[in-house]
Amino acid sequence: MRVRGPRPSTPAPGHGPPPAPSRPSTRIQSPRQWWKKDDNRGRLSSALLSLLLTVGAPATPPAAHAAFIPLEDRPALAVTSSAIRFLASPRPDIAAVQAALVEAWGALRDQYVEPTAVTGPAWEAALRGALASAAAAADTDAAWGVVEDLVGSLGDQYTRVLRPESGGSGAYAADLAGLGPSLGLQLTRQPSSSSVTVAAVVPGSPADATGVVAGQEVVAVNGVPAARVAPEDLARALAAEADLELRGDGRPTRTVHLTPALVPLHAVQHAHLAAADGARGGAAYLRIAAFNDLTPGDVAAALAALAPARPAALILDLRDNAGGAVAAAVDVAGQLLLDGGRGTSTIPPPLLALVRDGRGGEEAVPVPRPAATTPAWPPSPRLPTAVLINGGTASSSELLVGALAGGRRRDGGGGDGAGADAGALLVGEKTFGKGRTQRSIQLGGPGGGGGGDKALLLVSNRTFTTPAGEAVDGVGLRPAVACVPGSTEAAFFVSGDGGGGHDGPGGSTALAEALLGDPCVRLAAAELGVQLRVENEM
């Protein structure tokens, strides 16, 4: 059953997000792209860990939002005459944590999105108390706990410290790069028999090293018949040490022991969903499970594979995509909103978002030209698009959702009809509501036994709204058409190789068959004017 709600762009009176604020008359783009990985500007040197610390404070109070100030032009911090005295620990390891504490305190003061929480006497007093507590700590674990307490006092769950022993900056960088612990194989469950087979093997992965090949049947996982293993348990098994019993492909049944290693994790799947009448067209289905450095290229490859089928509509599935690399989401927005990334120099680009830094800085950020381009996409101008969303759609995903739903120009200009384009249709459930980005700052504390990974501070430094000014942070984006599936279809368990499988240029046939059982996919296609061919018609 479907339930219609007000479209995000036209909320009912008294409901939905507040009216869009007046937009500046001049679109301004920052001299540097705010979504790129930040450097460590503003870091306080560990040499500051001494008996005297000079405290900085804003030279001027934050400007009112009415004053349009580009983010990179906000007032710099000026040094004041106030000073803080504290006792440095005689233990070098704890003293190093105190150095990281000072760096974190200064970075928060300079970068945090809510400046009133990190300025003034109270914030200075918080540093004094934290430094004293760290000096008295019994070990580095307790000292890092003091750092975490200081950061946690802001009440922002996204502003946090990643300790060295948990991987710190190294683990964070690997995650954004699309590397994760995996066995390096992709499995699919056959709808007719519930048997599990190997769809693909990542070259150089643990599975590849032991001779696992695509097409083999997985008889058992850790001694349990694979047909009886729940989808979520099977997906979990692919990221942990496991024993797989395999047969088929002309080889005798055997059991292989696999230990996870860092392998590329491709989080993109695609399939072509045929139209009911069998004519050319149908719908292109694109699922992005997470955003990492591999995602833009994977999306470009998927769109190139889908283009020959000349689909009449696109269904983008961002359900349970918790975000990831902002730059990857921005690149995908460029591919989908700028005609496969080619764009045009004669028409102003659509907006990505309105971005604010809490200090009076604001930008109306246009969608940039992506690094990855797909010359054959879209197969027709203004391809109708639906985006599937739910409560697990968050952060970078919400940035992309907002751009697609309201990122096309609404000023009526251009003379090509673009001004009348209402953007993508949102189908599903309300998104999570994380409309803020984090800057990563490496701290100079101890690094995993000498020279290992450093601690990492993630600081919320920007908030964003949709191009129409609709709030995201703490609110979420509501769908125009509500849909709650009775269960989540999980025919594929991505753990390495990307794409939609290798059944043909349009993607995986097995995935396409599984998607026809998803009521939200069928509803999205129907809303876009495409009737899909259901399984008993195939």
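Provided above is the structure to which this section pertains.
So, how was this worked out
Residues numbered from 1 in each chain as written. Predicted model: local features only at pLDDT ≥ 70, side-chain atom pairs only at ≥ 80, totals over all residues. Heavy atoms only, no water. Phe/Tyr/Trp six-rings, centres within 6.5 Å; stacked < 30°, edge-to-face > 60°. Helix = DSSP H or I, 4+ residues; strand = E, 2+ residues; numbered from the N terminus. Buried < 20%, exposed > 50% of the residue type's maximum accessible area, 1.4 Å probe, protein only. Lys NZ or Arg CZ within 6 Å of the ring centre and 35° of its normal. Disulfide = S-S within 2.5 Å. Salt bridge = Lys/Arg side-chain N within 4 Å of Asp/Glu carboxyl O. Core = buried A, V, L, I, M, F, W, Y, C linked by side-chain atoms within 4.5 Å. Contact = heavy atoms within 4.5 Å. Pairing = 2+ DSSP bridges.

Here the structure, examined in full by the defined rule, presents one aromatic pair. Look at Trp105 and Trp123: their rings are 6.2 Å apart centre to centre, the planes differ by 10°, and that puts the pair in the stacked class. Pair noted here: Trp105 is in helix α1 (residues 92–111) and Trp123 is in helix α2 (residues 121–135), with a separation of 18 residues, a long-range link. Comparing Trp105 with Trp123, the two get one shared label, buried. The ring centre of Tyr158 lies 4.8 Å from the NZ or CZ of Lys434, which sits over that ring.

Enumeration over the complete set of coordinates arrives at one disulfide. Across the disulfide from Cys483 sits Cys520; the S-S distance is 2.2 Å. Every disulfide takes its handedness from the sign of the S-S torsion; for Cys483 and Cys520 that torsion is -95°, giving left-handed. Of this pair, Cys483 sits in the loop between β22 (481–482) and β23 (492–493) while Cys520 sits in helix α11 (residues 519–527); the two residues are 37 residues apart in sequence, bridging distant segments of the chain.

Looking now at the pattern of salt bridges. Note on pairing: side chains with opposite charge can pair once their charged atoms come close. Inspection of every chain in the model, using the stated rule, returns eleven salt bridges. Salt-bridge contacts for Arg163 lead to Asp141; the nearest nitrogen and oxygen are separated by 2.6 Å. In this pair, Arg163 sits in the loop between β4 (160–162) and α4 (168–177) while Asp141 sits in helix α3 (residues 140–152), placing the two residues 22 residues apart along the sequence. On the accessibility criterion, Arg163 (13% relative accessible area) is buried. The partner of Glu217 in a salt bridge is Arg247, with the nearest N and O atoms 3.1 Å apart. With Glu217 in strand β8 (residues 217–221) and Arg247 in strand β10 (residues 242–248), this pair connects stretches of sequence that are 30 residues apart. Taken together, the salt bridges that share partners define one network made up of Glu114, Asp156, Arg436 and Asp473.

Ranked by size, the top nonpolar core spans 44 residues in total, and within it Leu316, Leu352, Trp377 and Val387 carry the most contacts. Of all the secondary structure elements, the ones that give two or more residues to this core are β14 (283–288), α7 (295–306), β15 (313–317), α8 (326–337), β16 (351–356), β18 (385–389) and α9 (396–406). It is α8 that contributes the most residues to this core, eight residues altogether. In contact with Leu316, not counting residues within four places along its chain, are Leu286, Ile288, Leu336, Ala386, Val387, Leu388, Leu400 and Leu404. Core analysis: the second largest hydrophobic core is formed by 31 residues, Ile94, Tyr112, Val147 and Val161 among them.

Counting buried residues in strand β13 (residues 268–273) gives five out of six residues, a clear majority hidden from the surface. Here β13 pairs with β14 via six bridges, running antiparallel. By the bridge assignment, Leu273 is partnered in β14 with Ala283.

What follows is about the side chain of Arg436. By the secondary structure assignment, Arg436 is in strand β20 (residues 436–442). Judged by its relative accessible area of 10%, Arg436 is buried. In this structure Arg436 touches Tyr112, Val113, Glu114, Asp156, Tyr158, Ser395, Ser460, Arg462, Thr463, Phe464 and Asp473, once residues within four positions along its chain are discounted.

Summarising the element assignment, Ala227 is placed in the loop between β9 (224–225) and α6 (231–237). Between the C-alpha atoms of Ala227 and Ser195, which are 32 residues apart in sequence, the distance is 5.3 Å. Every residue in contact with Ala227, bar those within four places of it in the chain, is listed here: Arg189 and Ser194.

In short, the description is geometric, and any link to function would need to be established separately.
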